[in-house]
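# Reading the structure
Here is how the chains run, residue by residue.
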Amino acid sequence: MEEILNDTIHNDELEKFEKKYNEELKLRGTVSTTTQFEYAWCMVRSDFKSDMKRGISLLENLFASHPEGRRDYLYYLAIGHTRLQEYSEALKHAQAFLEIEPNNQQVIALEEMVKKRMEIEGLKGVAKATGAALVVGGILGLGFALFKK
């Protein structure tokens, strides 16, 4: 699962799918489902958050307009949100997928990984808050000590 989450796309491959997407849009005024999906998946695997967000937006559009592919779109939405560290959204999509296909081991593994990352991030948040409180407490304590002199 880590391999899928850490998979990034090379710029030349991204440019190839972007070109195909834009050509279809220019020539027909619309883009095929396949082309939109391919481009969205490329964007989700980008190193840039803005690209990832654009890819998620394209996948959300596909999800809303093409019910036959919803299972796949949910999976890739979960991957995209996980890559963006938007774990609540990722978990929501993984759980929606599991409502359709409850025994999918790949999505079960993704769901477990998202929960683990949420827990780790939560612990990091607590550690940061505790550290900040200690710093503030130290500064206040020092201030009071200096004030008493």
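Here, the structure is the one placed above.
What you see is a predicted model; the values in this text were computed from it and never measured.

## Let's talk about helix H2 (residues 11-28)
- End to end, H2 covers 25 Å across 18 residues, agreeing with the expected 26 Å (1.5 Å per residue, within 8%).
- Looking only at H2, the buried set comprises Leu-14, Phe-17, Tyr-21 and Glu-24. For H2, the arc enclosing every buried residue in end-on projection is 100°, short of the 170-degree limit, so these residues lie on one face. The exposed residues of H2 that point more than 90 degrees off its buried face are Asn-11, Asp-12, Glu-15, Lys-16, Lys-19, Lys-26 and Leu-27.
- Against helix H3 (33-44) and helix H4 (49-65) lie the buried residues of H2.

## Brief notes about the side chain of Asn-104
- Mapped onto the secondary structure, Asn-104 falls in the loop between helix H6 (87-100) and helix H7 (105-148).
- Here the side chain of Asn-104 touches Glu-101 through a polar contact of 2.9 Å, side chain to side chain.
- Among the polar contacts listed, one links the side chain of Asn-104 to the backbone nitrogen of Val-107, at a separation of 3.0 Å.
- In contact with Asn-104, not counting residues within four places along its chain, are Arg-71, Phe-97 and Leu-98.

## Some remarks on H4
- Taking 1.5 Å of rise per residue, the 17 residues of H4 would be expected to cover 24 Å, and the 24 Å separating its terminal C-alpha atoms lies within 8% of that figure.
- At its buried positions, H4 is contacted by H2, H3 and helix H5 (70-83).

## Considering the nonpolar core
- Counting 34 residues, the largest nonpolar core has Tyr-39, Leu-59, Ile-79 and Leu-110 as the members making the most contacts within it.
- Mapped by element, the contributors of at least two residues to this core are H2, H3, H4, H5, H6 and H7.

Scoring rules and cut-offs
Residues numbered from 1 in each chain as written. Predicted model: local features only at pLDDT ≥ 70, side-chain atom pairs only at ≥ 80, totals over all residues. Heavy atoms only, no water. Helix = DSSP H or I, 4+ residues; strand = E, 2+ residues; numbered from the N terminus. Expected span 1.5 Å × (residues − 1). Buried < 20%, exposed > 50% of the residue type's maximum accessible area, 1.4 Å probe, protein only. Arc of directions from axis to C-beta. Contact = heavy atoms within 4.5 Å. Polar contact = N/O pair within 3.5 Å; in protein donor to acceptor, adjacent residues only side chain to side chain. Core = buried A, V, L, I, M, F, W, Y, C linked by side-chain atoms within 4.5 Å.

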